[in-house]
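Listed below are the residues making up each chain.
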Amino acid sequence: MAKIALVKTQGGALVPLTDDDKNFIDKKRVGTVLECDFKTLRNPMFHRKYFALLNLGFDYWSPTGGTVSPAERGLLMRFVRMLSQYGGEERILQEMASGYLDYLSAHRAQLETEKSFEAYRKWVIVEAGWYDQVVLPNGSIRREAKSIRFAKMDDIEFSELYQASFGVLWNSILNSYFGDEQEVELAVNRLLGYL
């Protein structure tokens, strides 16, 4: 069983995409019936452009220790408000909580951080809104990045992912290094060798 790629032309005919595809067709006699299962493939150049964008953001990103997530901060402050309802002085409890968060941030800053492209790539996809929520055995919920494999996403959905990922990278990293979004697009195209 052979796989070949065909392109639909303006007149509606399907023609072989590569020389190998053409050679396969040329070996068949006129009148030969071929049965096909058709699947539309995503543009591989757009896939490369997406990874050029990811690589650009990754190059400019520097992981830093010492961060306390907004979720952690919010959880602790909600706990402080609950404690104050049971007779604690809210202002004093908030000062203690802030002191603890400063300590936690300083402690985390001393930890070595590793720059991982795979973790970064998944973070971008999740932040762009392409994720599934899964429940873990301990009852917590985690967002897991959806697959961007060719078979899982068509060109339209992939274009939406690209735009959303571009927004994430612009707002989180790249706006500190580039004057505007057009400069980022030029940098991505340079990475691809288009300019």
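An account of the accompanying structure is given in this report. (Residues numbered from 1 in each chain as written. Predicted model: local features only at pLDDT ≥ 70, side-chain atom pairs only at ≥ 80, totals over all residues. Heavy atoms only, no water.)

### A word on the side chain of Ser84
Quick reminder of the rule: Where helices and strands are cited, they refer to DSSP runs of H or I of at least four residues and of E of at least two residues respectively, numbered from the N terminus. Contacts are residue-level and defined by heavy atoms, with any inter-residue pair within 4.5 Å sufficient.
As for its position among the elements, Ser84 is in helix H3 (residues 70-85). Not counting chain neighbours up to four residues away, the residues in contact with Ser84 comprise Glu90 and Leu93.

### Comments concerning the pattern of salt bridges
What counts here: Throughout this description, the term salt bridge denotes a Lys or Arg side-chain nitrogen within 4 Å of a carboxyl oxygen of Asp or Glu.
Considering all chains together, one arrives at 7 salt bridges under this definition. Where Asp26 meets Lys22, a salt bridge forms, and the shortest distance between an N and an O atom there is 2.8 Å. Of this pair, Asp26 and Lys22 both sit in helix H1 (residues 19-26), separated by 4 residues, roughly a single helical turn. Here the salt bridges do not stand alone but share partners, grouping Glu118, Arg121 and Lys122 into one network.

### Side note on the packing of helix H5 (residues 117-127) against helix H6 (residues 155-172)
Operational definition: Note on geometry: axes are C-alpha line fits, over the in-contact stretch for helices, and angles between N-to-C directions span 0 to 180 degrees. Any angle that is under 35 degrees is reported as roughly parallel, and any over 145 degrees as roughly antiparallel; angles of 65 to 115 degrees are reported as roughly perpendicular and all others as oblique. Side-chain classes follow a simple rule in which Ala, Val, Leu, Ile, Met, Phe, Trp, Tyr, Cys and Pro form the nonpolar group, Asp, Glu, Lys and Arg form the charged group, and the remainder, Gly included, forms the polar group.
For the pair H5 and H6, interaxial distance at closest approach is 8 Å and the crossing angle is 110°. Relative to H6, H5 is oriented roughly perpendicular. Mapping the contact onto sequence places Tyr120, Trp123, Val124 and Glu127 in H5 and Ser165, Val168, Leu169 and Ser172 in H6. In terms of residue class, the contact of H5 with H6 is made up of 5 nonpolar, 2 polar and 1 charged.

### Regarding the nonpolar core
As a reminder, the rule being used: To define a nonpolar core, start from buried Ala, Val, Leu, Ile, Met, Phe, Trp, Tyr and Cys residues and group those joined through side-chain atoms within 4.5 Å. Summary of the burial criterion: residues with accessible area below 20% of their type's maximum are buried, those above 50% are exposed, and those between are partly exposed, where the area comes from a 1.4 Å probe applied to protein chains only.
Formed by 28 residues in total, the largest nonpolar core has its most connected members in Tyr50, Leu53, Leu161, Leu169, Leu174, Val184 and Val188. Elements with a minimum of two residues in this core: helix H2 (44-60), H5, H6 and helix H7 (181-192). With near-sequence residues (within four places) excluded, Leu174 lies in contact with Leu53, Leu56, Gly57, Tyr60, Leu169 and Val184.

### Concerning the pairing of strand E3 (residues 131-135)
Selection criterion: Only strands that DSSP links by at least two bridges are regarded as paired with each other.
One ladder, built from 5 bridges, connects E3 with strand E4 (residues 141-145); its direction is antiparallel. Note that in E4 the partner of Val134 across the bridge is Arg142. Counting the residues between successive antiparallel strands, the hairpin from E3 to E4 contains 5 residues, one of them, Gly139, with a positive phi of roughly 95°.

### Structural notes on the packing of aromatic side chains
Centre distance and the angle of the planes are the two values used to describe a pair of aromatic rings. Rule in force here: Here a pair means two rings of Phe, Tyr or Trp (six-membered ring of Trp) with centres within 6.5 Å. Their orientation is stacked below 30 degrees between planes, edge-to-face above 60, and tilted elsewhere.
Inspection of every chain in the model, using the stated rule, returns 15 aromatic pairs. With 6.5 Å between their ring centres and 35° between their planes, Phe51 and Phe117 make a pair best called tilted. With a gap of 66 residues between them, Phe51 in helix H2 and Phe117 in helix H5 connect regions that are remote in the sequence. Taking relative accessible area as the criterion, Phe51 reaches 24% and is therefore assigned partly exposed. Pairing Tyr162 with Phe166 gives two aromatic rings, centres 6.4 Å apart and planes at 35°, and the pair type is tilted. Residue Tyr162 and its partner Phe166 are located together in helix H6, separated by 4 residues, close to a single helical turn. For the pair Tyr162 and Phe166, a shared accessibility class is recorded, and that class is buried.

### Overview of a nonpolar patch on the surface
For clarity, the cut-off: In this scheme, patches are assembled from residues that exceed 30% relative accessible area and form no salt bridge. Like charges are connected within 9 Å, while nonpolar side chains (Val, Leu, Ile, Met, Phe, Trp, Tyr) are connected within 5 Å. All accessible areas in this document rest on Shrake-Rupley with a 1.4 Å probe, and a residue is counted as covered only by the protein chains that are shown.
A cluster of nonpolar side chains, contributed by Phe79, Met82, Leu83 and Tyr86, occupies part of the molecular surface with about 430 Å² of accessible area. The exposure class assigned to Tyr86 is exposed, which follows from its relative accessible area of 68%.

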